[in-house]
Amino acid sequence: MRFADRTNEMKASEIRELLKLAEDKKIISFAGGLPSSDSFPIKKIDRMCTKILKDYDTAPLQYGITEGITELRVTLAKRMKKFRIKCKKENLIVTNGSQAVLDLVSKILINPKDIVAVEVPTYLGGICSFRNYQSRFLTMKIDSNGMKTHELEDKLRKMGKKKREKVKLIYAIPNFHNPTGVDMSLERRKHLIEISKRYHIPILEDDPYVELRYSGKDTPSIKNLDKEGLVIYTSTFSKIFAPGFRLGWMISEEKFARKITVAKQGTDLCTNIFCQYLANEYIKSGAMDKQIQKIRKMYRKKKDKMLEAMDKHFPEGCKWTRPKGGMFIWATLPKKIDTEKMFHEAIKHRVCYVHGAAFCVDGSGHHSMRLNFSNADEDKIELGIKRLGNLIKSKI
Ligand SMILES: Cc1ncc(COP(=O)(O)O)c(C=O)c1O
């Protein structure tokens, strides 16, 4: 078989291999970014399935238009007003999760050796999508105010014009960032827009956790600050409905949306139609707002439990973020501990996490780890953190 050149740069996810080790039920997993299985509104879904077949007859079972069913696009466009994002259905495409957006945007923007500006650390699935199109990376670090936009500005300024033209995209996760849980400040969001405008580089704003706020006030989205149409926005039903439905959406300028539509036709013809009807009913019936209230309460408790347990069981020399939402805490351990090497020992201690280096395209992150707090049962969180704390203590 003679594979395409681009496959030479595709890397199998080592994380998925490591996580296979964590499938043992005796292991308390803080690894995957999974919603709690207890959160899924099973009875509601059951009733809605019957209702949409009654209301729409065979339409939910038929092929549909590539951009998504009109009903859902209209409903979502209306809902986006809550986040002060103005859009019409023509700006909105329903996709197979946000992951498909990352792939489709890469597909229409990235030539081999083009550059994507990413945070360090950043979402693993983003790295994977960009790499699949043979991208290179420009990196900027994160602090407690999110992406260090000044680093991005400095790097772009110092680049020659020719190289700068290769920077095709800035990738940002401003709300409850995966993997750090950090929020990007309003000043930095404004600065990012300025940079994007000055150098004419589009921003991909990936926003899966916006509805999962447990304290504090919302900051306007980058899309909301965008007057030039340079921001491509994506969000998802995965964290507020069920990731198994594989439903997300993207919002962009119409011209960009039309290009994406053609790319999408070649990928999947259309997104799962049945689930789109389901999602439309879920929002319109008010069930989604109720569900969001329910999971916010549930995850806030889990997050507090994990932070409390870390305060109690993690030794001095460790530090970690204290997120106001989302699903993740980012912990950094003393320099002598390599979290990737420690992973196998953690499995023996029946607890697991994702090691930090997996999220860092610049080769850093070896002393850090991502801890997910939404999936494990509340009573297991303290025990898992205690096991991890004891393991860390044994290494220093
Ligand atoms: C930042 C970020 N982007 C995209 C995704 C993909 O989500 P989806 O299930 O909608 O494809 C995730 C999933 O965890 C994520 O954390």
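Engineer: Sorry, what's going on with the sheet that holds strand E2 (residues 92–95) here?
Structural biologist: The strands making up a sheet associate through backbone hydrogen bonding, with each pair oriented either parallel or antiparallel. Judged by pairing direction, the sheet is mixed, and its 8 strands sit side by side in the order E2-E9-E8-E7-E6-E3-E4-E5 without closing on themselves. The strands lining the two open edges of the sheet, one partner per strand, are E2 and strand E5 (146–147). As paired elements, strand E6 (residues 167–172) and strand E7 (residues 203–206) share 3 bridges and run parallel to each other. For Ala-172, the partnering residue across the bridge sits in E7 and is Glu-205. Set on the sheet, helix H10 (residues 254–268) makes contact with E2, strand E8 (231–236) and strand E9 (248–251); between it and E2 the angle comes to about 25°.

Engineer: Can you walk me through the sheet that holds strand E13 (residues 354–355) in this structure?
Structural biologist: Read from one edge of the open sheet, 4 strands run E10-E11-E14-E13, paired in antiparallel fashion. Each having just a single partner strand, strand E10 (319–320) and E13 make up the two edges of the open sheet. In terms of strand pairing, E10 meets strand E11 (residues 328–332) through 2 bridges, oriented antiparallel. What sits directly across from Lys-319, in E11, is Thr-332.

Engineer: Looking at this model, I keep getting lost on the state of the cysteines. Mind explaining?
Structural biologist: A complete count under the given rule lists 0 disulfides for this structure. Cysteine Cys-275 shares no disulfide, and the gap to the nearest cysteine sulfur, in Cys-49, comes to 8.1 Å. On the basis of relative accessibility, which here comes to 7%, the residue Cys-275 falls in the buried class.

Reading guide: rules and limits
- Residues numbered from 1 in each chain as written.
- Predicted model: local features only at pLDDT ≥ 70, side-chain atom pairs only at ≥ 80, totals over all residues.
- Heavy atoms only, no water.
- Pairing = 2+ DSSP bridges.
- Helix = DSSP H or I, 4+ residues; strand = E, 2+ residues; numbered from the N terminus.
- Contact = heavy atoms within 4.5 Å.
- Axes fitted to C-alpha atoms, helices over the stretch in contact; angles between N-to-C directions.
- Disulfide = S-S within 2.5 Å.
- Buried < 20%, exposed > 50% of the residue type's maximum accessible area, 1.4 Å probe, protein only.

Function cannot be inferred from these measures alone, as they are strictly geometric.
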